[in-house]
Amino acid sequence: MPREVISTPEAPEYPTYGQAVKAGNTIYVAGTIGVDVATGELAGNTIQEQTRQSLRNCQAILRAGGARLADAVMVHTLLLRPEDADGVNEVFDEFFPDVRPPRCVSKLGVDRPGILVSIAMVAVTD
C-alpha cells in the first residue's frame, strides 16, 4: 500500500518526525502539542488553551490529508498531569459535539517545560 507523508505549515513541524502519514484512506497524526504556529509559542498555560491549540493543529494536519476531525476514529491524549482530564474533556466537547471518537489517555512521558498535553489521532477518509 502506498504511503504519503502529510505536512502543512499550518501546524508545528518537528525535526525528528513527520506530522502525519496517509496509508490508503487512513491518516495517522503524530503527537501534536499546543504550539501556535503564528507565534511559535505555546498557546497558553492552561490545559484548555493547549488542548484547543493541539486540536486546531490536528485539524490542520487532517485537512492537509483530505480529512476532518469528524473523520477521527481513535484519539490518544497524553497528559502531563492526570488531574487535567476534566479540562481536556471540556475542550473535546467543543470540538466533537456530536460524534465522540474512542479515546485513550496516558501520562505524557516526555518532560518538556510548559507542555501539558499532546494529542495523536487516526482518521479515515472517504
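This text goes with the structure placed above it.
Sequence order sets the numbering: in each chain, residues are counted from 1 along the sequence as written. In keeping with the model being predicted, local features are shown solely for residues with a pLDDT of at least 70 and side-chain atom pairs are shown and tallied solely at 80 or more, while totals for entire chains, interfaces and linings include all residues. Excluded from the side-chain calculations are hydrogens and water; all other atoms, namely the structure's heavy atoms, are used.

K.L.:
Kindly report on the sheet that holds strand β8 (residues 117-124), identifying the contributing residues and their values.
P.N.:
At least two DSSP bridges between two strands are required for those strands to pair. Numbering goes from the N terminus for both helices and strands, where a helix is a DSSP run of H or I of at least four residues and a strand is a run of E of at least two. If you trace the six strands from one edge of the open sheet to the other, you get β1-β2-β3-β8-β6-β7, paired in mixed fashion. Each of the sheet's edge strands pairs with one partner strand only, and the pair in question is β1 (3-6) and β7 (103-107). In this sheet, adjacent strand axes meet at a mean angle of 15 degrees when their direction is disregarded. Relative to β8, strand β3 (residues 26-33) is paired through six bridges, and the arrangement is antiparallel. All axes are obtained by fitting lines to C-alpha atoms, using only the stretch in contact for helices, and the reported angles, taken between N-to-C directions, cover 0 to 180 degrees.

K.L.:
Describe the pairing of β7, naming the residues involved and giving the relevant values.
P.N.:
The pairing of strand β6 (residues 72-79) with β7 spans five bridges and is classified as parallel. Each residue of the ladder has a partner; that of Thr77, found in β7, is Val105. Taken together, β6, helix α2 (residues 85-95) and β7 form a β-α-β motif whose crossover is right-handed. Whether a crossover is right-handed depends on one test, that the path from the first strand over the helix to the second runs clockwise when the strands point away from the viewer.

K.L.:
Residues and numbers for the pattern of salt bridges, please.
P.N.:
Should a side-chain nitrogen of Lys or Arg be within 4 Å of a carboxyl oxygen of Asp or Glu, the pair is scored as a salt bridge. Taken as a whole, this structure holds five salt bridges when the rule is applied. The salt bridge partner of Arg81 is Asp84, with a shortest N-O separation of 3.0 Å. The exposure class of Arg81 is partly exposed, given its relative accessible area of 33%. A salt bridge links Asp93 to Arg100; the nearest nitrogen and oxygen atoms lie 3.2 Å apart. Each residue is assigned to one of three classes by its accessible area relative to the maximum for its type, calculated with a 1.4 Å probe on protein chains only: buried under 20%, partly exposed between the two thresholds, exposed over 50%. Take Arg100: its relative accessible area is 53%, and that puts it in the exposed class.

K.L.:
Explain the packing of aromatic side chains to me, using residue names and the numbers behind them.
P.N.:
Each pair of aromatic rings taken from Phe, Tyr and Trp, with Trp reduced to its six-membered ring, is defined by centres within 6.5 Å and is described as stacked if the planes are under 30 degrees apart, edge-to-face if over 60, and tilted in the remaining cases. Per the stated rule, a full pass over the model turns up two aromatic pairs. Arranged with centres 4.8 Å apart and planes meeting at 15 degrees, the rings of Tyr14 and Tyr17 form a pair that is stacked. With relative accessibility at 16%, the residue Tyr14 sits in the buried group. With relative accessibility at 39%, the residue Tyr17 sits in the partly exposed group. For the ring pair Phe92 and Phe96, a centre distance of 5.5 Å and an interplane angle of 20 degrees mean the geometry is stacked. Residue classification places Phe96 among the buried positions, given a relative accessible area of 3%.

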